[in-house]
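Fold and contact review
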Amino acid sequence: MSMNTTTLSLNVTDNLNGLIPGKLRVSVGHIPLTDLGLRNDLWKPLPEADCEVATIHPLVVQTKENGTFAVLDGYKRLEQLQAQNTEHALCTVIHEDLDRLQSGLVRLALNAKRPTSTGEAIVVLRWLFETLSDPALVPRVVSLLSFTGKKASGLIELAQNRDDDIEPFKHNVLDLERASDFLRLAPDDRQAFLHFFESVRLSAQYQREFLQWLPEISYARNISVSEILQSEELQHARSQSHATPNQRIQMIRDALFNRRFPRYAETLSKWSATVRKVNPDPSRVTFSASPAFEKRRLDMNIRIDDPDGMPDLFRRLAAIEPSLWSTLIDPIE
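Residues numbered from 1 in each chain as written. Predicted model: local features only at pLDDT ≥ 70, side-chain atom pairs only at ≥ 80, totals over all residues. Heavy atoms only, no water.

**With respect to the overall build of the protein**
Scanning the protein from terminus to terminus reveals 16 helices and 6 strands. If you take every contact in the protein between residues at least 6 apart in sequence, the share linking residues at least 24 apart comes to 69%. With the model as given, the accessible surface of the protein reaches about 18,800 Å², and the carbon-plus-sulfur share is 50%. (Helix = DSSP H or I, 4+ residues; strand = E, 2+ residues; numbered from the N terminus. Contact = heavy atoms within 4.5 Å. Areas by Shrake-Rupley, 256 points an atom, 1.4 Å probe, with all protein chains shown as cover.)

**So, unusual backbone geometry**
Of note, the phi angle at Asn 172 is positive, near 60°, even though the residue is not glycine. The residue Asn 172 is located in the loop between helix 7 (163–170) and helix 8 (179–183) in this model. Here Phe 293, not a glycine, exhibits a phi torsion of approximately 55°, which is positive. Mapped onto the fold, Phe 293 is located in the loop between strand 5 (285–289) and strand 6 (298–302). According to the relative accessible area criterion, Phe 293 is buried, its value standing at 9%. (Buried < 20%, exposed > 50% of the residue type's maximum accessible area, 1.4 Å probe, protein only.)

**What about the pairing of strand 2 (residues 59–63)?**
The side chains of a regular strand alternate between both faces of the sheet. Burial of strand 2 is extensive: 4 of the 5 residues sit out of reach of the surface. Pairing analysis gives 4 bridges linking strand 2 to strand 4 (residues 88–94), with the strands arranged parallel. In the strand pairing of strand 4, Val 61 is matched with Val 93. Of the strand pairs in this sheet, strand 2 and strand 3 (residues 69–73) are connected by 4 bridges, and their pairing is antiparallel. In the sheet register, Val 60 faces strand 3, and the bridge partner there is Asp 73. Where strand 2 folds back on strand 3, the antiparallel hairpin that results is connected by 5 residues, among which Gly 67 adopts a positive phi of roughly 90°. (Pairing = 2+ DSSP bridges.)

**Considerations on the confidence of the model for the protein**
On average, residues of the protein score 81 in pLDDT, and 82% of them reach the 70 mark or higher. Between the elements of the protein, mean pLDDT differs from a low of 42, seen in helix 1 (residues 12–16), to a high of 97, seen in helix 11 (residues 225–229). Below a pLDDT of 50 lies the segment residues 41–51, which in the model reaches 16 contacts outside its immediate sequence neighbourhood of four places, other chains included. (pLDDT = per-residue confidence, 0-100.)

**Comments concerning the nonpolar core**
Of all hydrophobic cores here, the largest spans 51 residues; its most connected members are Leu 125, Leu 128, Phe 193, Phe 197, Phe 210, Ile 252 and Leu 256. If we ignore the near neighbours within four places in the chain, the residues touching Leu 125 are Val 138, Val 141, Val 142, Leu 155, Ile 156 and Ala 159. Core analysis: the second largest hydrophobic core is formed by 13 residues, Trp 271, Val 278, Val 285 and Leu 317 among them. (Core = buried A, V, L, I, M, F, W, Y, C linked by side-chain atoms within 4.5 Å.)

**Some words on the pattern of salt bridges**
Tallied over the full model, the rule gives 17 salt bridges. Asp 163 is the salt-bridge partner of Arg 126, the closest N and O atoms lying 2.7 Å from each other. Residue Arg 126 is found in helix 5 (residues 118–131), and its partner Asp 163 is found in helix 7; the two are separated by 37 residues along the sequence. When its relative accessible area of 25% is taken as the criterion, Arg 126 is described as partly exposed. For Asp 163, a relative accessible area of 46% puts it in the partly exposed group. Across the pair Asp 181 and Arg 184 runs a salt bridge, and its minimum N-O distance is 3.0 Å. (Salt bridge = Lys/Arg side-chain N within 4 Å of Asp/Glu carboxyl O.)

**Quick look at the packing of helix 13 (residues 245–260) against helix 14 (residues 262–278)**
With their axes 5 Å apart at the nearest point, helix 13 and helix 14 run at an angle of 115° to one another. Mapping the contact onto sequence places Phe 257, Asn 258, Arg 259 and Arg 260 in helix 13 and Pro 262, Tyr 264 and Ala 265 in helix 14. Considered class by class, the residues forming the contact of helix 13 with helix 14 number 4 nonpolar, 1 polar and 2 charged. (Axes fitted to C-alpha atoms, helices over the stretch in contact; angles between N-to-C directions. Nonpolar A, V, L, I, M, F, W, Y, C, P; charged D, E, K, R; others polar.)

**Quick look at the environment of Ile 122**
Within the secondary structure layout, Ile 122 lies in helix 5. In sequence terms Ile 122 and Glu 157 are 35 residues apart; their C-alpha atoms lie 9.5 Å from each other. Contacts of Ile 122, omitting those with residues within four sequence positions, involve Leu 155, Leu 158, Ala 159 and Ile 166.

**Details of the packing of aromatic side chains**
Under the criterion given, the structure shown has 12 aromatic pairs. Ring centres of Phe 169 and Phe 182 lie 5.7 Å apart, and the angle between their planes is 70°; this geometry places the pair in the edge-to-face category. Taken together, the residues span a long stretch of sequence, with Phe 169 in helix 7 and Phe 182 in helix 8 at a distance of 13 residues. Here the two residues Phe 169 and Phe 182 agree in accessibility, since each one is buried. For the ring pair Tyr 206 and Phe 210, a centre distance of 5.6 Å and an interplane angle of 20° mean the geometry is stacked. One end of the pair, Tyr 206, and the other, Phe 210, are both in helix 10 (residues 204–221), 4 residues apart, so they sit about a helical turn from each other. With a relative accessible area of 19%, Tyr 206 lands in the buried category. (Phe/Tyr/Trp six-rings, centres within 6.5 Å; stacked < 30°, edge-to-face > 60°.)

Rendered as structure tokens:
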């Protein structure tokens, strides 16, 4: 099998093109558990319910000069066969002489349709960075791993960083799309962020907002992200035992929002105070402005459940001074 790594194709059919496998029953003792560097600590033994798969589904192996075989695909199945003291296993045997890179790409091609975890994908990308002579080819493997867009970019960036930085992504604490934002923090700030939010699971939107706002607040106030998170206001919001996790997160968001957008927060506070002042019946009437007061407009919703009381309600609305209506419509004016 010939493969020019300068014009490398990561399509399944291209990687397998030219291989002429055969099926043989091979002595399990002749298949040592050596690997290509593509295993990782998240792999677990086959579940008991899948043990028969190890016997039925062939291993994919490559012949070696010393009469043994190298496993290209089926490490967990081989481990299960060894644990069961199975003497022979049905194998798909590839006789072509493949180097380490070619063997690894064949393995990836054989697993192209299987869902790939973040941990596995990072192991693959690190292996590629170590194996390929041209690291610029690495992004081409991402489509084979079923990751696209910002998730793909995040994977590539994580694969080049410390294991400590990868852990929250391997265990789905943080979304892959936030990898660049997270890695942009100083190492101490990353740990402070994870510690601060360790008791709650942040939605994708909260992750995006907090990881963008915190560095911006840090820059504007010339203090570290760790110092912001250690502030009395945020610590108080975090420790509200009477509040639900969602309520605590909302309090934290409000505090960070006020620091990141102080002028808007001040305007919103004044607008809300005006609403409380003029609203004749908050149980029936709600006022809402456009996001960030971008439009010079006020929306009002009235719930009608007491026909006899409606005339009085409308008279009270009509009695609101025009200047207060103007403030509600355009508080920035």
